[in-house]
Amino acid sequence: MTLPPYARLLGVTVETQDDAAPLIVMPFGDDVLGRPGFLHGGAIAGLLEIAAIAALRHALAAEGGGRIKPIGVTVDYMRGGRDKPTFAQGIVSRLGTRVANVDATAWQDDPAKPIARARMNFLRMRED
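Here's a quick rundown of the structure.

Criteria and thresholds
Residues numbered from 1 in each chain as written. Predicted model: local features only at pLDDT ≥ 70, side-chain atom pairs only at ≥ 80, totals over all residues. Heavy atoms only, no water. Helix = DSSP H or I, 4+ residues; strand = E, 2+ residues; numbered from the N terminus. Buried < 20%, exposed > 50% of the residue type's maximum accessible area, 1.4 Å probe, protein only. Contact = heavy atoms within 4.5 Å. Areas by Shrake-Rupley, 256 points an atom, 1.4 Å probe, with all protein chains shown as cover. Lys, Arg positive; Asp, Glu negative; His and termini not counted. Charge placed at Lys NZ, Arg CZ, Asp CG, Glu CD. Core = buried A, V, L, I, M, F, W, Y, C linked by side-chain atoms within 4.5 Å. Salt bridge = Lys/Arg side-chain N within 4 Å of Asp/Glu carboxyl O. Phe/Tyr/Trp six-rings, centres within 6.5 Å; stacked < 30°, edge-to-face > 60°. Lys NZ or Arg CZ within 6 Å of the ring centre and 35° of its normal.

Moving on to the overall build of the chain. Along the chain, the regular secondary structure elements total two helices and six strands. For the chain, the sequential pattern of α-helices and β-strands runs α-β-β-α-β-β-β-β. Once the C-alpha set of the chain is aligned to its principal axes, its extents read approximately 50 × 25 × 25 Å. Looking at the chain as a whole, 36% of its 128 residues qualify as buried. Long-range contacts, defined as pairs at least 24 residues apart, comprise 63% of the intrachain contacts of the chain with a sequence gap of at least 6. Carbon and sulfur atoms make up 50% of the accessible area of the chain, which totals about 7200 Å². Mean positive and mean negative side-chain charge positions of the chain (15 and 14 charges, respectively) differ by 7 Å.

Turning to the nonpolar core, a few remarks are in order. Ranked by internal contacts, the top residues of the largest apolar core, which has 32 residues, are Val-12, Met-26 and Phe-122. Of all elements in the fold, only α1 (6-10), β2 (20-26), α2 (41-61), β5 (99-107) and β6 (116-125) reach the threshold of two or more residues within this core. Sorting elements by how many residues they give to this core places α2 first, with 12 residues. Beyond its immediate sequence surroundings of up to four residues, Phe-122 is in contact with Ala-52, Ile-53, Leu-56, Ile-68, Lys-69, Pro-70, Ile-71, Arg-98, Val-99, Ala-100 and Val-102.

Our focus in this paragraph is the pattern of salt bridges. Taken as a whole and judged by the stated rule, the model has three salt bridges. Here Asp-109 ties to Lys-84 by a salt bridge, and the two come within 2.9 Å at their closest N and O atoms. Highlighted residues: Asp-109 in the loop between β5 and β6 and Lys-84 in the loop between β3 (67-77) and β4 (86-95), separated in sequence by 25 residues. Judged by its relative accessible area of 64%, Asp-109 is exposed.

Quick look at the environment of Glu-49 now. Locating Glu-49 in the fold gives a position in helix α2. By relative accessible area, Glu-49 is classed as partly exposed at 32%. Contacts of Glu-49, omitting those with residues within four sequence positions, involve Pro-70 and Met-120.

To continue, consider the packing of aromatic side chains. All chains considered together, the criterion is met by one aromatic pair. Between Phe-87 and Trp-107, the aromatic rings sit 6.1 Å apart at their centres with planes inclined by 25°, giving stacked as the arrangement. In this pair, Phe-87 is assigned in strand β4 and Trp-107 in strand β5, connecting sequence segments 20 residues apart. For Phe-87, a relative accessible area of 22% puts it in the partly exposed group. For Trp-107, a relative accessible area of 11% puts it in the buried group. The ring centre of Phe-38 lies 3.8 Å from the NZ or CZ of Arg-35, which sits over that ring.

Written out as structure tokens, the structure reads:
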């Protein structure tokens, strides 16, 4: 799966899971450090965006792929991300012919205790 170039900067890896959307893993390091001992909010938002893109591309693969363009994003921060690996996964909540909606969640120790959530809207680009 091809991820955006920002994924390399964050150092993320992708773990595929049978038919589920890919699990995205971001290690803690100086590149994602905010205040001492905590993740930077922008790194968390970037991780959520990457998870949403991966989930949508996974869903579109059954239809032969296609180009997408983000048109809206809302991020809710719930608790501080600490100095440990962070996981994120997206779920496609609507896959229309022109617009797709994706929810993504980021957590560290327990998926039931997320550190942030995002809702993203994508435009499905027509191939000319």
